[in-house]
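Next come the chains, spelled out residue by residue.
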Amino acid sequence: MSLTFAQRMALGAERSKYRRRLQEVMDNKGLSGAALARELGVSSQAVYSTLAGKIHSPIVLGWLRENGAAEEYLCDPHNAG
């Protein structure tokens, strides 16, 4: 099922409410956004924009998921349906 632009934006807005929780996952691994970006091979902007709910980077969301972020905090349109 493909989501509409409005649905994707709503999920992003929801994720932005949980930004601090997602930042805690990075903090627990001792990583800043820039360090995580280097580790994942993406831009810092991709990491910070994903945390803010502006974009939905599958790479960043996948890392967060694999490192303990609760699914409810991810609001991932790639898994919505």
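Everything numeric in this text was worked out from a predicted model, so none of it was measured. (Residues numbered from 1 in each chain as written. Predicted model: local features only at pLDDT ≥ 70, side-chain atom pairs only at ≥ 80, totals over all residues. Heavy atoms only, no water.)

J.: Any chance you could explain the environment of Gly-41 here in plain terms?
T.: Relative to the assigned elements, Gly-41 resides in the loop between helix H3 (33-40) and helix H4 (44-51). Gly-41 sits 18 residues away from Ile-59 along the chain, and the two C-alpha atoms are 9.2 Å apart. (Helix = DSSP H or I, 4+ residues; strand = E, 2+ residues; numbered from the N terminus.)

J.: It is not clear to me how helix H2 (residues 19-28) should be interpreted in this structure. Could you clarify?
T.: One turn of an α-helix holds 3.6 residues; hence residues three or four places apart share an orientation. Of all the positions in H2, only Leu-22, Gln-23, Val-25 and Met-26 are classed as buried. Along the axis of H2, the buried residues cluster in a sector spanning 150°; they form a single face. Gly-30 sits one or two positions beyond H2 and adopts a positive phi of about 70°. (Buried < 20%, exposed > 50% of the residue type's maximum accessible area, 1.4 Å probe, protein only. Arc of directions from axis to C-beta.)

J.: Where do I start with the side chain of Asp-76 in this structure?
T.: Along the chain, the position of Asp-76 falls in the segment after helix H6 (71-74). The exposure class of Asp-76 is buried, given its relative accessible area of 8%. Looking at Asp-76, its side chain comes within polar contact range of the side chain of Arg-65, at 2.9 Å. At a separation of 2.8 Å, a polar atom in the side chain of Asp-76 contacts the side chain of His-78. Filtering out sequence-adjacent residues up to four positions away, Asp-76 remains in contact with Leu-11, Leu-61 and Arg-65. (Polar contact = N/O pair within 3.5 Å; in protein donor to acceptor, adjacent residues only side chain to side chain. Contact = heavy atoms within 4.5 Å.)

Shape descriptors only; they carry no functional weight alone.
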